[in-house]
Amino acid sequence: MDTAVPTPTRPSGQPLLHQKGAETQAFGTLTQLPIGLGHDTRMYACQRLNRVLADTQILYSLYKKHHWLMRGATFYSLHLMLDQHAQAQLAVVDALAERIQSLGGVAVGDPRHVAELTSVPRPPDGVEKVPVMLSRLLDAHERILIDARDAAARISAEGDEGSTDLLVSDVIRTGEAQVWFLAEHLVDTPLVRG
């Protein structure tokens, strides 16, 4: 006697919606991948990279916020520049997250989790003066650059040159160039008198 409950038929093209389940890998854990780096090295690199990733995600968001809120005589040029910087930071975010995943870790992705990990102070919800917004971006960059330099040195000492290269080539070099462009907008020079 068959006691199985018959399941209703569903069209073959119907998506399986509202699925739920347990995590397959918890944040802060590693899967073993054959990349020639030990567990402790990969774990340390993932922890440091996730901190830089969280700060970089906040920096990206600050760039977008300030891009939208620009005002005044330099609106157009700053509006465009901040959007270009944001896009460059978004590429850094993706590179950091993919490196963490390639080490067997879990990249921080949820904005609420990012907010728990970041060292970048939260800005006011409203609009600030343009020089204050630029200064806020410079402060975020400096925090990231200090942490990225320290992380690169320590991760290199552990033998993870791939993560070191990412920190130096992408995070630090991109950040330094963007700091230069931002800081030049804070030089007090007259627009019409020599």
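For clarity, every value in this text was computed on a predicted model and none was experimentally measured. (Residues numbered from 1 in each chain as written. Predicted model: local features only at pLDDT ≥ 70, side-chain atom pairs only at ≥ 80, totals over all residues. Heavy atoms only, no water.)

Trainee: Is there a simple way to explain the overall build of the protein chain in this structure?
Mentor: Counting secondary structure elements, the protein chain contains 5 helices and 0 strands. Secondary structure of the protein chain in N-to-C order comes out as α-α-α-α-α. In terms of overall dimensions, the protein chain is more spread out than a globule: its C-alpha atoms have a radius of gyration of 22 Å, far above the 16 Å expected for 194 residues. Along the longest, intermediate and shortest principal axes, the C-alpha atoms of the protein chain span 95 × 45 × 25 Å. The buried share of the protein chain, reckoned over its 194 residues, is 38%. By sequence separation, contacts in the protein chain at least 24 residues apart represent 77% of the contacts at least 6 residues apart. Accessible surface computed for the protein chain: about 11,900 Å², of which carbon and sulfur atoms make up 57%. Seen as two clouds, the 18 positive and the 23 negative side-chain charges of the protein chain have centres 6 Å apart. (Helix = DSSP H or I, 4+ residues; strand = E, 2+ residues; numbered from the N terminus. Rg over C-alpha atoms; globule rule 2.2 N^0.38 Å. Buried < 20%, exposed > 50% of the residue type's maximum accessible area, 1.4 Å probe, protein only. Contact = heavy atoms within 4.5 Å. Areas by Shrake-Rupley, 256 points an atom, 1.4 Å probe, with all protein chains shown as cover. Lys, Arg positive; Asp, Glu negative; His and termini not counted. Charge placed at Lys NZ, Arg CZ, Asp CG, Glu CD.)

Trainee: What exactly am I supposed to notice about the pattern of salt bridges here?
Mentor: Pairs may arise between side chains of opposite charge once their charged atoms sit close together. Tallied over the full model, the rule gives 11 salt bridges. Several salt bridges converge on common partners, so that one network encompasses Arg48, Arg51, Asp147, Asp150 and Arg154. (Salt bridge = Lys/Arg side-chain N within 4 Å of Asp/Glu carboxyl O.)

Trainee: What is the right way to read empty space enclosed by the protein from this model?
Mentor: Over the atoms rolls a probe the size of a water molecule, and in doing so it shows where empty space is left. Applying the stated criterion across every chain yields a total of 1 cavity of 30 Å³ or more. Of the pockets and cavities examined, the largest cavity occupies roughly 50 Å³. Surrounding the largest cavity, Thr56, Leu59, Gln89, Val92, His141, Ile144, Leu145, Val171 and Gly175 form its lining. Broken down by secondary-structure element, the contributors of at least two residues to the lining of the largest cavity are helix H1 (39–69), helix H2 (75–102), helix H4 (130–157) and helix H5 (161–184). Here the residues of the lining of the largest cavity sort into 5 nonpolar, 4 polar and no charged. (1 Å grid on protein atoms, 1.4 Å probe; cavity = no way out; pocket = protein on both sides within 12 Å on 5 of 7 lines; lining within 4 Å. Points joined across faces, edges and corners; volume = space filled by probe spheres on them. Nonpolar A, V, L, I, M, F, W, Y, C, P; charged D, E, K, R; others polar.)

Trainee: Please explain the environment of Ala73 as it appears in this structure.
Mentor: Tracing the backbone shows Ala73 in the loop between H1 and H2. Sequence separation between Ala73 and Leu59 is 14 residues; the distance between their C-alpha atoms is 24 Å.

Trainee: How should I be thinking about the packing of H2 against H5 in this particular structure?
Mentor: Between two packed helices, the angle of one axis relative to the other and the distance separating the axes together describe the packing. Between H2 and H5, the least distance of the axes is 11 Å, while the angle of their chain directions is 170°. In terms of axis orientation, H2 runs roughly antiparallel to H5. Two packed elements cross with a definite hand, and for H2 against H5 that hand is left-handed. Contacts between H2 and H5 involve Met81, Leu82, His85, Ala88, Gln89, Val92, Ala95, Leu96 and Arg99 on the former and, on the latter, Gly162, Ser163, Leu166, Leu167, Asp170, Val171, Thr174, Gln178, Phe181 and Leu182. A class-by-class count of the residues in the contact of H2 with H5 yields 11 nonpolar, 6 polar and 2 charged. (Axes fitted to C-alpha atoms, helices over the stretch in contact; angles between N-to-C directions. Parallel < 35°, antiparallel > 145°, perpendicular 65-115°, else oblique. Left-handed = near helix turned anticlockwise from the far one by under 90°.)

Trainee: Would you mind going over the nonpolar core with me for this structure?
Mentor: One recurring pattern in soluble globular proteins: nonpolar side chains tend to sit buried together. Grouped together as the largest cluster of nonpolar side chains are 46 residues, with contacts concentrated most on Leu53, Leu82, Leu96, Leu137, Leu167, Val171 and Leu182. Of all the secondary structure elements, the ones that give two or more residues to this core are H1, H2, H4 and H5. Not counting residues within four places of it along the chain, the set of residues in contact with Val171 comprises Val52, Val92, Leu96, Ile144, Leu145, Ala148 and Leu166. (Core = buried A, V, L, I, M, F, W, Y, C linked by side-chain atoms within 4.5 Å.)

Trainee: How should I be thinking about the side chain of Lys65 in this particular structure?
Mentor: Topologically, Lys65 is positioned in helix H1. Within the buried set, Lys65 has no salt-bridge partner at all; the shortest N-O distance to an opposite charge, 5.6 Å, is to Asp125. Within the structure, Lys65 has its side chain in polar contact with the backbone oxygen of Gly126 (distance 3.3 Å). When near neighbours in sequence (up to four residues on either side) are disregarded, Lys65 contacts Pro123, Pro124, Asp125 and Gly126. (Polar contact = N/O pair within 3.5 Å; in protein donor to acceptor, adjacent residues only side chain to side chain.)

Trainee: It is not clear to me how H1 should be interpreted in this structure. Could you clarify?
Mentor: Since the α-helix packs 3.6 residues into each turn, any two residues three or four apart lie on the same face. Helix length check: H1, at 31 residues, gives a terminal C-alpha distance of 45 Å against a target of 45 Å (1.5 Å per residue), a fit within 8%. Within H1, 23 of the 31 residues are buried, which leaves it mostly tucked inside the rest of the structure. (Expected span 1.5 Å × (residues − 1).)

Trainee: Would you mind going over a nonpolar patch on the surface with me for this structure?
Mentor: Taken together, Phe75, Tyr76 and Leu80 make up a surface patch of nonpolar side chains, about 310 Å² in accessible area. As for its position among the elements, Tyr76 is in helix H2. (Patch = residues over 30% accessible without salt bridge, like charges linked within 9 Å, V, L, I, M, F, W, Y side chains within 5 Å.)

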